[in-house]
Amino acid sequence: MNGLTDDKALNICVLGNSHVGSLKFGWDLIKPDYAKINITFFAARADRMRYLSIEKGVLIPTTPYLKKSITQTSGGFETINLSAFDVCLIYGLKFSFPYKLEFDRTSHYFSKAVYEHSILDTLSDTLSMQTLKKVRSLSDMPVYIGHNPLTAYSKNPFLGKKINYSEFVSCVNRILIADKATLLAQPEETLIENIYTKTEYKSGAIGMDVGDGSANKPYADKDNLHMNGEFGRIYLESFFKQIPRVVG
């Protein structure tokens, strides 16, 4: 396994959907400060990354739309050759924090065991997990999972309940992805009430360029799911600190 050394850059592959936009814009803000890190983004809106297939040891798009999207976001690559990268981050892709399960859990409807099995049932077949299986079939490099950003804060009757976000992260890492990958916790700096994203990080959020003519268009004010470049900057800098600097 390759890693970051004094004379070698770390090559990171990011696979995801529209949520990758905040990371891509965040990277634009800090790229000059990280000369030893290279990031290549492969993304497409909604669930279109499900049309990635494995052929001759690489991931290839099987629809014209997906091919155009990953070519645009990656800066020209039409396929994904994982052997060119040291680390992979799978971001978004329908892997959402299960708010409903948490509310039921805090209302004592679920035992801990039932809660954990419910997480498995809820998240095990997400596009994120499907993509992880494809990556793992081709590479043993370190893989990290980034869930969809936590919903931006709004007045909510459930805010008074004690919801344990760290328990969720720990549970996923322990029983869902175990030794296959690591689920990243959203940076604490971006959180409010332990379970929501501060509204300042959705302000001014815009769509990334996937080659479909909707680049840089702002999300609607009521959109509480997509975050801005400042959120992406904080997320990436937190992520970098968690990557082991190893030589192998």
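Everything numeric here is computed off the predicted structure, so don't read it as measured data.

With that settled, consider the packing of helix H4 (residues 112-123) against helix H6 (residues 165-176). Helix packing for two helices is described by the angle between their axes and how far apart those axes are. The geometry of H4 relative to H6 is characterised by a closest axis approach of 10 Å and an angle of 70 degrees between their N-to-C directions. Considering their axes alone, H4 and H6 lie roughly perpendicular with respect to each other. Residues Lys-112, Tyr-115, Glu-116, Ile-119, Leu-120 and Leu-123 of H4 touch H6, and the partners they reach there are Glu-167, Phe-168, Cys-171, Val-172, Arg-174, Ile-175 and Leu-176. Class assignment of the residues belonging to the contact of H4 with H6 gives a composition of 9 nonpolar, no polar and 4 charged.

Those residues of helix H1 (residues 20-30) that fall on the buried side of the exposure criterion are Val-20, Gly-21, Ser-22, Leu-23, Gly-26, Trp-27 and Ile-30. Of the surrounding elements, those touching the buried residues of H1 are strand S1 (10-16), strand S2 (37-43), strand S5 (87-91) and helix H7 (229-242).

Next up on the list: the environment of Gly-92. For Gly-92, the location among the structural elements is in the loop between S5 and helix H3 (99-106). In this structure, the C-alpha to C-alpha distance between Gly-92 and Leu-15, residues 77 residues apart in sequence, is 8.6 Å.

So, about the packing of aromatic side chains. Applying the stated criterion across every chain yields a total of 16 aromatic pairs. One aromatic cluster is present, built from ring pairs that chain together Phe-97, Tyr-99, Tyr-153, Tyr-165, Phe-168 and Tyr-196.

If you walk across this open sheet you meet the 5 strands as S2-S1-S5-S6-S7, and the pairing is parallel. Either end of the sheet is taken by a strand with one partner, and the two such strands are S2 and strand S7 (182-184). With direction set aside, neighbouring strand axes in the sheet form an average angle of 25 degrees. Direction of pairing for S1 relative to S2: parallel, over a ladder of 7 bridges. Across the sheet, residue Val-14 finds its bridge partner in S2, namely Phe-41. Strand contacts of H1: S1, S2 and S5, with the helix running at about 150 degrees to S2, the strand carrying the most contacts.

On to the side chain of Arg-45. As for its placement among the helices and strands, Arg-45 is situated in the loop between S2 and strand S3 (52-55). Judged by relative accessible area, Arg-45 falls into the buried class, the value being 15%. Of the polar contacts made by the side chain of Arg-45, one reaches the side chain of Asp-212; its length is 3.0 Å. Beyond its immediate sequence surroundings of up to four residues, Arg-45 is in contact with Asn-17, Ser-18, Tyr-65, Met-208, Val-210, Asp-212, Ser-214 and Tyr-219.

Relative to the helices and strands, Asn-173 is located in helix H6. Considering only alpha carbons, one finds Asn-173 and Leu-184, 11 residues apart in sequence, at a separation of 9.0 Å. In this view, Asn-173 contacts Ala-178, Ala-181, Thr-182 and Leu-183; residues no more than four positions away in its chain are not counted.

Analysis parameters
- Residues numbered from 1 in each chain as written.
- Predicted model: local features only at pLDDT ≥ 70, side-chain atom pairs only at ≥ 80, totals over all residues.
- Heavy atoms only, no water.
- Axes fitted to C-alpha atoms, helices over the stretch in contact; angles between N-to-C directions.
- Helix = DSSP H or I, 4+ residues; strand = E, 2+ residues; numbered from the N terminus.
- Parallel < 35°, antiparallel > 145°, perpendicular 65-115°, else oblique.
- Contact = heavy atoms within 4.5 Å.
- Nonpolar A, V, L, I, M, F, W, Y, C, P; charged D, E, K, R; others polar.
- Buried < 20%, exposed > 50% of the residue type's maximum accessible area, 1.4 Å probe, protein only.
- Phe/Tyr/Trp six-rings, centres within 6.5 Å; stacked < 30°, edge-to-face > 60°.
- Pairing = 2+ DSSP bridges.
- Polar contact = N/O pair within 3.5 Å; in protein donor to acceptor, adjacent residues only side chain to side chain.

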